[in-house]
Structure formats: C-alpha cells, structure tokens
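Per-entry structural report
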Amino acid sequence: MSEEFSLQEVIDSFRLSLSDSKEIFLDQYVEGWRGLVKLLNSLGSVFGFISKDVVNKLSILVSLRGGPEGAHYLSLQSMVQYELQSGLVEGGDNPVSGTRGVSGCRTLLRLHRALRWLQLFLGGVSRDEGTPPTLCSLAYSQSLSQHHPWVIRSAAGLAFRMLPPRDPFLRMLNAGEPPQAVEVLGGAVPVLGEVYTITEELYSKHDLLNLP
Ligand code: 1PX
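What comes next is a walk through the structure. Residues take numbers from 1 onward in each chain, read along the sequence in its written order. Owing to the predicted nature of the model, reporting of local features is limited to residues with pLDDT of at least 70; listing and counting of side-chain atom pairs is limited to 80 or more, with chain, interface and lining totals taken over all residues. Here the side-chain values reflect all heavy atoms present in the structure, with hydrogen atoms and water set aside.

Thoughts on the nonpolar core
The condition that has to hold: In this text, buried Ala, Val, Leu, Ile, Met, Phe, Trp, Tyr and Cys residues form a nonpolar core when linked through side-chain atoms within 4.5 Å. Any residue under 20% of the maximum accessible area for its type is buried, any over 50% is exposed, and the rest in between are partly exposed; the area is computed with a 1.4 Å probe on protein chains only. Where helices and strands are cited, they refer to DSSP runs of H or I of at least four residues and of E of at least two residues respectively, numbered from the N terminus. In this description, contact between two residues means that some pair of their heavy atoms is separated by no more than 4.5 Å.
Residues Phe14, Tyr29, Trp33, Leu115, Phe121 and Tyr203 are the most contacted members of the largest nonpolar core, which totals 69 residues. Here this core gets 13 residues from one element, more than from any other, and that element is helix α9 (residues 178-205). Excluding residues within four positions of it along the chain, tyrosine 29 makes contact with Phe14, Ser17, Ile24, Leu108, Leu111, His112, Leu115 and Val195.

Here's what the structure looks like:
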C-alpha cells in the first residue's frame, strides 16, 4: 500500500474484508481504516486527536490479531464468538492485548460507529448536498456525536470547520478529477454500508451495541 491516500484502495480493502458468506475479515477491515488514517493525517494537525484515537484502536486490534489467540480474531464473527465465550467482551483481564479492560469487541464498536458517520458523510458529498464542513457536522450529529461527551463534540466541531471546500476535498481523495472522484465515492457508500449493516446485525444479535 502506498503512503498516499487512495479512496479506491480504501474501498478495495473494505470490499475484500467481506467473505462470500458475509463474514468480515479483521485484517482487511483494519487495512481499510489504515487507508482512512492517511487522509486524516493529510488534513492537518487539527485532526491529529482524531487520527491518534483511530491509530490507537487499530493497534489494539492488530495486537489481538497478532497475539497467541490471534486465530480467533480472523473475522469479526469469530472475535465476537471467542470474546463472548471467554468472558472478555466487557474487557476482563485480557492477556492477549496486554491492555487490561480493553476488548476487541468494544474497540471495534467505536470504529463501527465511526463507519456510520463516514457512510453518511460520503453519501452527502457524493450527492452534493452541501459543503464538506456542513455535511461532516450533519453526519456527526446523526451518528457518532451521541456517543461523545461535550468536550469531544466541541473539539470535533472546531476541526470540521477546517475541512476544505468540495473540489479541493474531492481532489484529496486521489480518485481523479472531481466528477470522477464523485463516481468513485458513489461506489464506496454501498460497500461501507454493507460492512456497517453486517456488523450492526452481529453486534445487535449479541447485545453488544452498548459496550462500555
Ligand atoms: C473518503 C475520505 C473520508 C474521510 C476519512 C476520515 C476518516 C475519519 C474517521 C474518524 C474516526 C473517528 C473514530 C472515533 C472513535 C471514537 O468514537 N472514539 C472515542 C471513544 O473512544 P473510547 O475508547 O474512549 O471509548 C474517543 O473519545 C474519540 C476521540 C477522537 C474524536 C472523535 C471525533 C470524531 C469525528 C469524526 C469525523 C472525522 C472528521 C474527518 C474529516 C474528513
């Protein structure tokens, strides 16, 4: 994977994370998020606190996947099953991550909620429903913000205002000129939507949507 952000690479990773039987592979899911971090990093230091949090969550998942119980972290489905069976979902003393009180399920839940934000935001941009700062803040208020305390919400609100206008934003996606980038974006939304919906159903079935 190159150092530069590529929307297509992100879409490919999320698409590849989906197996034929609709399991979601963790490695490719993490890879998709790594791609998004590149864009976050290129947006400037105001977005640093967001990027840091995502990187931190990704490294927790990577350490679980690379640890002695890593085989259980092949997919989101196997992770949920393993952590439920082992009493780790609530974040018991997890010998694998070495991070006490941090489960794969609760870590991924944060990214899952953010994926909803991304799906709403990119949908709005692709349909040209407003400027990136406006759409970003609208998508945030319809999703992630409900899970964030005031201090995070206000810092996020400040960062959103620093987002570039539509055309420069589309050019940052590294998917060709704006009209082409819009097309690629249009293709990204259903892929993100599918990953989101499968995860949502999995978490909902096991009553994991409110993990602390
Ligand atoms: C095609 C390009 C689109 C742009 C890609 C940018 C991807 C950004 C993804 C943002 C992901 C944010 C993850 C937040 C996870 C979270 O909720 N963490 C909080 C709770 O964690 P804890 O472990 O304590 O339970 C944590 O407190 C969060 C801290 C960071 C602030 C999060 C603000 C989220 C704003 C989302 C919008 C990002 C704006 C990017 C602009 C393009």
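Some points on the site of the ligand
Definition in use: Here, proximity means that at least one heavy atom of the residue falls within 4 Å of the molecule or strand. Here a polar contact is recorded for every N or O atom pair within 3.5 Å, except that within protein the pair must consist of a potential hydrogen donor and a potential acceptor, and residues adjacent in sequence are included only if both atoms are side-chain atoms. Classes in brief: Ala, Val, Leu, Ile, Met, Phe, Trp, Tyr, Cys and Pro nonpolar; Asp, Glu, Lys and Arg charged; the others, Gly included, polar.
Around the ligand there are 25 residues in total, and Asp53, Lys57, Arg106, Arg110 and His148 lie nearest to it. In this structure, an oxygen atom belonging to the ligand sits 3.0 Å away from a side-chain N or O atom of arginine 110. Counting residues per element, the ones that place at least two in the shell around the ligand are α2 (26-42), α3 (48-66), α5 (104-126) and α7 (150-160). Broken down by element, the shell around the ligand gets its largest block of residues, six residues, from α5. For the shell around the ligand, a count of residues per class yields 20 nonpolar, one polar and four charged.

Points about the side chain of arginine 106
Stated formally: The charged-residue count follows a simple rule in which Lys and Arg add positive charge and Asp and Glu add negative charge, with His and chain termini not counted at all. We define a salt bridge as a side-chain nitrogen of Lys or Arg found within 4 Å of a carboxyl oxygen belonging to Asp or Glu.
Mapped onto the elements, arginine 106 comes out in helix α5. Despite being buried, arginine 106 has no salt bridge partner; aspartate 53 is the closest side chain of opposite charge, sitting 7.3 Å away. Those residues in contact with arginine 106 that sit more than four places away from it in its chain are Lys57, Leu211 and Pro212.

Quick notes on the packing of helix α4 (residues 76-85) against α9
Keep this limit in mind: Here an axis means a line fitted to C-alpha atoms, over the contact stretch when the element is a helix, while the angle between two N-to-C directions is reported on a 0 to 180 degree scale. An angle below 35 degrees is read as roughly parallel, one above 145 as roughly antiparallel, one from 65 to 115 as roughly perpendicular, and any other as oblique. For any helix crossing, the convention is left-handed if the near helix is rotated counterclockwise from the far helix by under a right angle, and right-handed if that rotation is clockwise.
Remark: α4 packs on α9, axes separated minimally by 11 Å, with the N-to-C direction vectors making an angle of 15°. Comparing the axis directions of α4 and α9 gives the class roughly parallel. Both α4 and α9 take part in a crossing whose hand is right-handed. Contact with α4, carried on its side by Leu76, Gln77, Met79 and Val80, involves Ile198, Thr199, Leu202 and Tyr203 of α9 and no other residues of that element. Partitioned by chemical class, the residues of the contact of α4 with α9 number six nonpolar, two polar and no charged.

A closer look at the packing of aromatic side chains
Formally: Between the rings of Phe, Tyr and Trp (Trp by its six-membered ring), a pair exists once the centres lie within 6.5 Å; its type follows the angle of the planes, with under 30 degrees stacked, over 60 edge-to-face, and the other angles tilted.
Counted under the stated rule, the structure contains five aromatic pairs. On the basis of an interplanar angle of 90° and a centroid distance of 5.7 Å, the ring pair of phenylalanine 14 and tyrosine 29 is categorised as edge-to-face. You can see phenylalanine 14 sitting in helix α1 (residues 7-17) and its partner tyrosine 29 sitting in helix α2, a full 15 residues away along the chain. For the pair phenylalanine 14 and tyrosine 29, a shared accessibility class is recorded, and that class is buried.

A closer look at the packing of α3 against α5
The contact between α3 and α5 brings their axes to 10 Å, and the two run at 145°. For the crossing formed where α3 meets α5, the hand is left-handed. The segment α3 lies against α5, with Val54, Lys57, Leu58, Ile60, Leu61 and Leu64 engaging Gly104, Arg106, Thr107, Leu108, Arg110 and Leu111. Along the lines of polarity and charge, the residues of the contact of α3 with α5 split into seven nonpolar, two polar and three charged.

Some words on the environment of serine 42
Position of serine 42 relative to the elements: it lies in helix α2. Classification of serine 42 as partly exposed rests on a relative accessible area of 46%. On a C-alpha basis, the gap between serine 42 and methionine 172 in space is 8.6 Å, while along the polypeptide they are 130 residues apart.

What about a nonpolar patch on the surface?
Note the following rule: Each patch is built from residues lacking any salt bridge and having more than 30% relative accessible area; the joining distance is 9 Å for like charges and 5 Å for nonpolar side chains (Val, Leu, Ile, Met, Phe, Trp, Tyr). Per-residue accessibility takes into account occlusion by the displayed protein chains alone, with areas from the Shrake-Rupley method and a 1.4 Å probe.
Together, Phe49, Trp150, Val151 and Ile152 line one region of the surface with nonpolar side chains, adding up to about 420 Å² of accessible area. The element best represented in the nonpolar patch is α7, accounting for three residues. Among the secondary structure elements, tryptophan 150 is positioned in helix α7.

Any functional reading would require information beyond the geometric quantities listed.
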